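Listed here are the chains, written in short residue letters.
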Protein chains: 2
Amino acid sequence: MNVTHVRAATHTYNVYVGENLRHWTADYLPKTYPSILIVTDEKVARYYLEDVKRSLSQKHVAVHTIQSGESAKSIDVFYELQTKAIEFGLERNSLIIALGGGVVGDVAGFVAATFMRGIDYVQMPTTILAHDSSVGGKVAINHEQGKNMIGSFHAPAAVIYDVTTLATLTEQEIRSGYAELLKEALLSDSAMYEAVMANDLSALTSEKLSHQLISGIDVKAAIVEADEYETDQRKFLNLGHTLGHALETILGYGSWTHGELVAIGLLFAIWVSEKIYGVKLPYNAIYRWLKSNGYPLKWPSINSETIFTKMKSDKKTVSGTIQMVLLQKIGHPVMCEIDDRHMLSYLRTFQNELLSSNEQGGKQHEK
Amino acid sequence: MNVTHVRAATHTYNVYVGENLRHWTADYLPKTYPSILIVTDEKVARYYLEDVKRSLSQKHVAVHTIQSGESAKSIDVFYELQTKAIEFGLERNSLIIALGGGVVGDVAGFVAATFMRGIDYVQMPTTILAHDSSVGGKVAINHEQGKNMIGSFHAPAAVIYDVTTLATLTEQEIRSGYAELLKEALLSDSAMYEAVMANDLSALTSEKLSHQLISGIDVKAAIVEADEYETDQRKFLNLGHTLGHALETILGYGSWTHGELVAIGLLFAIWVSEKIYGVKLPYNAIYRWLKSNGYPLKWPSINSETIFTKMKSDKKTVSGTIQMVLLQKIGHPVMCEIDDRHMLSYLRTFQNELLSSNEQGGKQHEK
């Protein structure tokens, strides 16, 4: 088992990564809680809920199961959870456990951040994607008009990451998670980038996966320790997300996975970086790796103007100008203001190139 | 004009108290904001909105007016404000101004705490009651099952308290505000207590009022600086609120004013203090002062069991036991666990005594 310590403004917490941790949940809690509310989703509940409940058998424990998928990050589910917390009798010194992927972690974490003005919560991620969202204390729900628009910074009391639970992930979920690992690799260094790109996602070993998850968590932990409230370098973690979030909001949460849209966003960020900085980045290598691992690199049927308008309401927009994370080289991200005229033109051209790349099997960009 | 500095965990902010400050709002903002959303209610808008807007004339400003009264502290109004903020194009470096009483401050403040995970807000209180709620960063909305159950700690960027706006308060609102001043006096010392009790609320001078508001703000500021996140002495500010909040939740927000119910709660806390500690507190003097100033000291038509059940879901409850703030003497509050049997019996007996006090003109307690 691996432990990473993360220093937040309010406290330091541990991120435990290892096998079968769910059977020993109580041992990894930072203290004893008089009552616990487990929040999970239908799918995860089927596989892992009983194990977690059993590992807490001495406690006053309730469970609330939400629907699977991004649509659960809604104001309605948020309120439903607050009601459950009150009715169950949760108190200020109680705990919420978020057992599931990023959606469960985000919504349960935001309930913990706001129930009685904030109580403890523990993240128990069950997806690859959630290795990223479970660390750093960003919690939120979606507004119909924008992803993660309503939220808080509320650091977890612990992250208990049982990698054994990743065995039940679908191929699509593995792809979704690896998009965030690829993002962290691009922000980190060539070694991590090469390690991620060396994977065939259909033949991942549990050992290799654990190793890469720990690398990803280390990248994330270092950034959030340096800038917990995102005034500076934490913004870099948004690489690929300016386009990714806009697409996700327009398509309606849940029709594509988060990671699939981030993958398109990463390609776009690299493409724009090459245009603006005149540098050579591994666009083609990444395109081919994504393609060969089954990422759906097609352009969703949305016109560029609609996407552009949505990008402008992104949380990173400053004084009406879109701020995008770009790369000067691997491990060297920069924030870049992009004016409206250029952004629209980039979107249109990229969309066309992606279309013809698909038709020509990815060769078009090399011309 | 008086300025009190308040040190919060994240920043220090100023509380300005003076006349006609609303005409110079821009001068009291801690920095320049690219865009501002003013949140106010129908009643306050009629009197003061134009003045504030005019004082911000160079800025990109929008207004959202909510209904007057406690019912606006709902999840629906919260979401409506988030929508308005997105549609207006509010960004991370934008400002929300809460122009109004405690309700406006609480709901607008909670929107500021959670919009894009937190942006600046400035409190512009227009009631006496809000001298208390505008300082200290507690923001919240109500759940149908409990007052202020969903909220955050989010310190304001400034408090701009134009006491001239208090001229339009009704007698009921003056009473409501003075209940919190009385509470602060009881937590503070005999001098402040005597000063509050020397008032005839129907003949308040603006000078005396300002002086007492500044005293109240000083008491509040000292407590929240010492314990911003309410792990210890900030709990004392709940004096009178254990019963007050329970009654407010049961009666439905808005049918009585907050302060009227806190006044009953203060009497109850003093009555219980005398029972438990065997001390002599000025129960009768306070009862008579409240009575002569028109506080409706009747028991709402709710039975004690219902109130008791609601008190148990109070935020201060620990391991199922009600924690109540009591007084050993003026200026000496203590937290006291009260077991269920005693609490129920206190509620029943106090209810009967209050009833007969009313019939006998307040003499019953002196026997």
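Residues numbered from 1 in each chain as written. Chains lettered and ligands numbered in written order. Predicted model: local features only at pLDDT ≥ 70, side-chain atom pairs only at ≥ 80, totals over all residues. Heavy atoms only, no water.

1. Observations concerning the overall build of chain A
For the record, the criterion: The way it works is that DSSP assigns letters per residue, a run of H or I at least four long becomes a helix, a run of E at least two long becomes a strand, and they are numbered from the N terminus. With C-alpha atoms as the basis for the radius of gyration, the globule rule is written as 2.2 Å multiplied by the number of residues raised to the power 0.38. Buried means the residue's accessible area, taken with a 1.4 Å probe over protein chains only, is under 20% of the maximum for its type, while exposed means over 50%, and partly exposed covers the values in between. For this analysis, residues touch if any pair of their heavy atoms sits within 4.5 Å. Positive charge is attributed to Lys and Arg, negative charge to Asp and Glu, and no charge count is given to His or to the chain ends. A charged residue contributes its charge at one atom only: NZ of Lys, CZ of Arg, CG of Asp or CD of Glu.
The helix and strand tally for chain A stands at 13 helices and 11 strands. What you see for chain A is a C-alpha radius of gyration of 20 Å, in line with the 21 Å of a compact globule of 367 residues. Overall size of chain A, expressed as C-alpha extent along the three principal axes, is 65 × 40 × 35 Å. By the burial criterion, 63% of the 367 residues in chain A qualify as buried. Looking at chain A alone, contacts between residues at least 24 apart form 75% of all its contacts between residues at least 6 apart. Here chain A contributes 34 positively and 41 negatively charged side chains, and the mean placements of these two sets differ by 2 Å.

2. Topic: the sheet that holds strand β5 (residues 95-100) of chain B
Residues and elements named next belong to chain B. Stated precisely, the cut-off is as follows: Should DSSP find at least two bridges between two strands, the strands are regarded as paired. Angles shown run from 0 to 180 degrees and are taken between the N-to-C directions of axes, each axis being a line fitted to C-alpha atoms and, for helices, limited to the stretch in contact.
Reading across from one edge, β1-β2-β9-β6-β5-β3-β4 is the order of the seven strands in this open sheet, with mixed pairing throughout. Single-partner strands in this sheet number two, and they are β1 (2-7) and β4 (60-66). Here the strands of the sheet are splayed against their neighbours by 15 degrees on average, with no regard to which way each runs. Alignment of strand β3 (residues 35-41) against β4, held across seven bridges, turns out to be parallel.

3. Focus: the domain arrangement of chain A
All names here are of chain A. This is how it is decided: The source of the domain bounds is an automatic or database domain assignment. The term buried area denotes the loss of accessible surface (1.4 Å probe radius) that occurs when two parts are joined, taken as the sum for both partners.
If you check the domain split of chain A, you get domain 1 (2-168) and domain 2 (171-366). Each of domain 1 and domain 2 has a C-alpha centre, and these two points are 26 Å apart. Facing the 35 residues of domain 1 at the interface are 35 residues of domain 2. With both sides pooled, the region where domain 1 packs onto domain 2 buries about 3000 Å², and carbon together with sulfur makes up 60% of that total.

4. Focus on the interface of chain B and chain A
Inclusion rule: When a carboxyl oxygen of Asp or Glu is within 4 Å of a side-chain nitrogen of Lys or Arg, the pair counts as a salt bridge. Classification used: nonpolar for Ala, Val, Leu, Ile, Met, Phe, Trp, Tyr, Cys and Pro, charged for Asp, Glu, Lys and Arg, polar for all others including Gly.
Across the contact, 39 residues belong to chain B and 39 residues belong to chain A. Counting the surface lost from both chain B and chain A, the interface buries some 3400 Å², and carbon and sulfur atoms represent 56% of this. Applying the counting criterion to the chain B and chain A interface returns two salt bridges. Ionic pairing is found between Arg92 of chain B and Glu230 of chain A, a salt bridge with its closest N-O pair at 3.2 Å. Looking at the side of chain B that touches chain A, the elements that each hand over two or more residues are α3 (75-88), α4 (102-114), β7 (138-143) and β8 (146-153) of chain B. Per-element accounting of the side of chain B that touches chain A gives the leading share, seven residues, to α3 of chain B. When grouped by side-chain class, the residues that make up the side of chain B that touches chain A number 15 nonpolar, 14 polar and 10 charged.

5. A word on the nonpolar core
Note the cut-off: In this text, buried Ala, Val, Leu, Ile, Met, Phe, Trp, Tyr and Cys residues form a nonpolar core when linked through side-chain atoms within 4.5 Å.
Core analysis: the largest hydrophobic core is formed by 80 residues, its most contacted members being Tyr178, Leu182, Leu186 and Phe268 of chain A. Two domains each provide a minimum of three residues to this core, namely domain 1 (2-168) and domain 2 (171-366) of chain A. The contact partners of Leu186 of chain A, leaving out residues within four places of it in the chain, are Tyr193, Leu239, Leu266, Ile270, Ile286, Leu327, Ile330 and Gly331 of chain A. One finds Ala155, Leu201, Leu266 and Met343 of chain B within the second-largest nonpolar core, a separate group that totals 79 residues.

6. Quick word on the packing of helix α6 (residues 171-188) of chain A against helix α7 (residues 190-197) of chain A
Residue and element names in this part refer to chain A. Heads up, the rule is: Angles below 35 degrees are treated as roughly parallel, those above 145 as roughly antiparallel, those between 65 and 115 as roughly perpendicular, and all remaining angles as oblique. If you view the pair so one helix is near and one far, a crossing is left-handed when the near helix is turned anticlockwise from the far one by less than a right angle, and right-handed when it is turned clockwise.
The contact between α6 and α7 brings their axes to 7 Å, and the two run at 155 degrees. Between α6 and α7, the crossing angle belongs to the class labelled roughly antiparallel. Of the two elements, α6 crosses α7, and the hand of that crossing is left-handed. Mapping the contact onto sequence places Tyr178, Leu181, Leu182, Glu184, Ala185, Leu186 and Ser188 in α6 and Met192, Tyr193, Val196 and Met197 in α7. Of the residues contributing to the contact of α6 with α7, the split by class is nine nonpolar, one polar and one charged.

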